[in-house]
Amino acid sequence: MTRDPYTLRDALASALDALPAAERFPDPSDADLARRLAERLRRDLLPRLGSADAPLLLVAIAGPNNVGKSTLFNALVGASLSPARPEGGLTKQCLAAAHPETWTGALKDFLTRRYDTVPVASGESAPVDQPGPSGRLYLVLAEDVPRGLLVMDTPDFDSVYRENRERAEALLVTVDVLVFVVSRQTYQNAALVDFLRAAVGHGRPYLLVYNEASREEVARGHLDKLASDVGHPPLARYLAPHQPEVEAGLRPLATVPLDGKPALGSLLGEAEHARELKARALEASLADARAEMGAVALAAGRAASEPERLRQRLRHELEGVGAAAALKAVPADVLIDAFRDELDARSQFHKWVRLPFRGLATALTYVSRKVRQSFTGPEPEGAETPTRTVDATLTDGVRRLVDAFAPEVAAWRGDPATRALLAEAFGPVTLTKLEEPLGFEALHAHAADRATLYAYCRDLVAAELQGGMREELLQAMTTLVYSVPSGAAAVVTVATGGFGHDAVVWAGTLLSTPLMERFVDLLGAQVRARVTRKWADAHGATLARALEARFFSGVLGHLDGLAEAWHHTATRLEATRAELA
């Protein structure tokens, strides 16, 4: 299928931008996969697709420890450039060799976009036996290397040093052809098979070199077994017979092609083969990237699950604390007002009869409260009130929540920044804040929550009133409750100048309110319970948001951002993966 390279490049660049740093993945295997994908995108596919691909065939020699990689490298480039000694394991960084023309013009730009390229001056040795960063390439320019060819000697993938493997993998995802060296001692090693299968992926061209072969038929059998384990055959196979002079450093390594293939130097060094090899390498790298994107997208989804779970649990617990506190002060007057107003709306006659008495009862209740306060004085400091009860319930709930979430800090396997925020939110910092006043005074008479409850009550009462004799009886009884007690209270207030109002306040409040509540109960046994639950949900949510802002805004904002970032990564990778299909 023909693909527009510029459209592909934009999609791949977007996927790379969405990839977080590999160390942020909680699972080490997911981190390795993400690191491999990032290296493939940054060092291989984006440079390939950024402009017309440079006419430079990139070849990497890889294999296990002490199998002769450096010896083969020196033979291909025609000079002893890489340390090749019997003890093996000396190459810790990548050494490359190319013709001097490679370090000029477009070819030089091509290399510097892919690698941290460090030229090695003539006559000097590259410090490849010293550790260094992934993606660094020490480049030796040699006239004997064919034009259009760059050969790399990579670190041992099975070294005891994990960094060696990471450096090798970072380079192998970028090359056009992999030359893999094995011997009779290593060809069936499980780690070798896994490494080679991952390196050649979905069809990347690779060659097999069997070093120190004593008998051709044995070497063929071993190579057949290795190719079968890898899953697809090599482009060509070569034997390097046991040569004591090579081991002693007296002559370069010689290879013999099998199956009628060209000599190793001709296959890699002649331009007629390079175009096909590079095209196959690009298709294979795109297929590898597609598979890796799918796997990393799944890993990102798994990484999002933990902050997602934590933020959902914390908000759920806060809603529970808020609901428990809201139940300590349910405004029963809202239900009574909704009941009265719905009755008024359904009968204009009773409404106009009750209207003056309702106003009178309200005024008398206000006068009674002021008169009572003139004798009793202000409310004593520290007295138990609904507001203080609500605050105490909130404080106790947050304290229990902090204790319940403390194990989450120890269980966190993600990034250290999130662990630090969790430790702050569910530790002494929050417990110290709980010693201070909450400052929620304005929330206890939350007008929006009362309005929501009132509208709910009106709808509920309207649905329960069925008309007929029962509704007419409720209308008449409500009118009686208002008119008789309010009229009596008015007479006493006028006659005594207000001081006798306490003697008959039962008429306006102690009698009328309980009676009205009983009338409401006549609508159905569940009405009051449903109203209470509605208040707990609505006002509890308001209190929960206030608690979040007061104590947990930092950690919840961070968890929100973390979960959304992981979801964005998964979505972006899946979208790019679909474009590569």
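It should be emphasised that the depicted structure is a prediction, and the values quoted were computed from it without experimental measurement.

Colleague: Outline empty space enclosed by the protein, listing residues and values.
Modeller: Under the counting rule described, the total for this entry stands at 2 cavities of 30 Å³ or more. By volume, the largest cavity amounts to about 90 Å³. Lining of the largest cavity is provided by Asp32, Arg35, Arg36, Glu39, Ser134, Glu166, Glu169, Ala170 and Val173. Only helix H2 (28-50) and helix H5 (162-172) provide two or more residues apiece to the lining of the largest cavity. Looking at the lining of the largest cavity element by element, the count peaks at 4 residues for H2.

Colleague: Run through unusual backbone geometry, naming residues and quoting values.
Modeller: Phi is positive for Asn66, close to 60°, though the residue is something other than glycine. As for its position among the elements, Asn66 is in the loop between strand E1 (57-62) and helix H3 (69-77). With phi around 60°, Glu212 is a residue other than glycine that occupies positive phi space. When you line up the elements, Glu212 lands in strand E7 (residues 206-213).

Colleague: Pulling in residues and values, what's your account of helix H11 (residues 332-346)?
Modeller: One full turn of an α-helix is made of 3.6 residues, so residues set three or four places apart face in the same direction. The end-to-end C-alpha distance of H11, which contains 15 residues, comes to 22 Å, matching closely the 21 Å that a straight helix rising 1.5 Å per residue would cover. Of all the positions in H11, only Val334, Leu335, Ile336, Ala338, Phe339, Arg340, Glu342, Leu343 and Asp344 are classed as buried.

Colleague: Please set out the pairing of strand E6 (residues 177-182) residue by residue, giving values where relevant.
Modeller: Remark: a regular strand shows side chains that alternate across the two faces of the sheet. Among the 6 residues in E6, 6 count as buried, and that is most of the element. Burial along E6 is two-sided: the residues Val177, Val179 and Val181 and Leu178, Phe180 and Val182 are all buried. As judged from the 4 bridges shared by E1 and E6, these two strands associate in the parallel manner. Bridge assignment links Ala60 to a residue of E6, and that residue is Leu178. In terms of strand pairing, E6 meets E7 through 5 bridges, oriented parallel. Across the sheet, Val181 pairs through a bridge with Val209, a residue of E7. In this fold, the crossover linking E6 to E7 by way of helix H6 (residues 190-200) has right-handed handedness.

Colleague: Explain the nonpolar core residue by residue, including any values.
Modeller: Among the nonpolar cores identified, the biggest contains 68 residues, and Leu12, Leu41, Met293, Leu314, Leu394, Phe426 and Phe552 are the most heavily contacted of them. Residue assignment for this core shows that the elements contributing at least two residues are helix H1 (5-18), H2, helix H10 (271-326), H11, helix H13 (386-411), helix H14 (416-425), helix H16 (447-464) and helix H20 (527-580). The dominant element in this core, judged by the number of residues it contributes, is H20, at 17 residues. Beyond its immediate sequence surroundings of up to four residues, Leu12 is in contact with Leu41, Leu45, Leu46, Leu49, Leu286, Met293, Thr576 and Leu580. Of all hydrophobic cores here, the second largest spans 42 residues; its members include Cys94, Leu107, Phe157 and Leu223.

Definitions and limits used
- Residues numbered from 1 in each chain as written.
- Predicted model: local features only at pLDDT ≥ 70, side-chain atom pairs only at ≥ 80, totals over all residues.
- Heavy atoms only, no water.
- 1 Å grid on protein atoms, 1.4 Å probe; cavity = no way out; pocket = protein on both sides within 12 Å on 5 of 7 lines; lining within 4 Å.
- Points joined across faces, edges and corners; volume = space filled by probe spheres on them.
- Helix = DSSP H or I, 4+ residues; strand = E, 2+ residues; numbered from the N terminus.
- Expected span 1.5 Å × (residues − 1).
- Buried < 20%, exposed > 50% of the residue type's maximum accessible area, 1.4 Å probe, protein only.
- Pairing = 2+ DSSP bridges.
- Right-handed = clockwise from strand over helix to strand, strands pointing away.
- Core = buried A, V, L, I, M, F, W, Y, C linked by side-chain atoms within 4.5 Å.
- Contact = heavy atoms within 4.5 Å.

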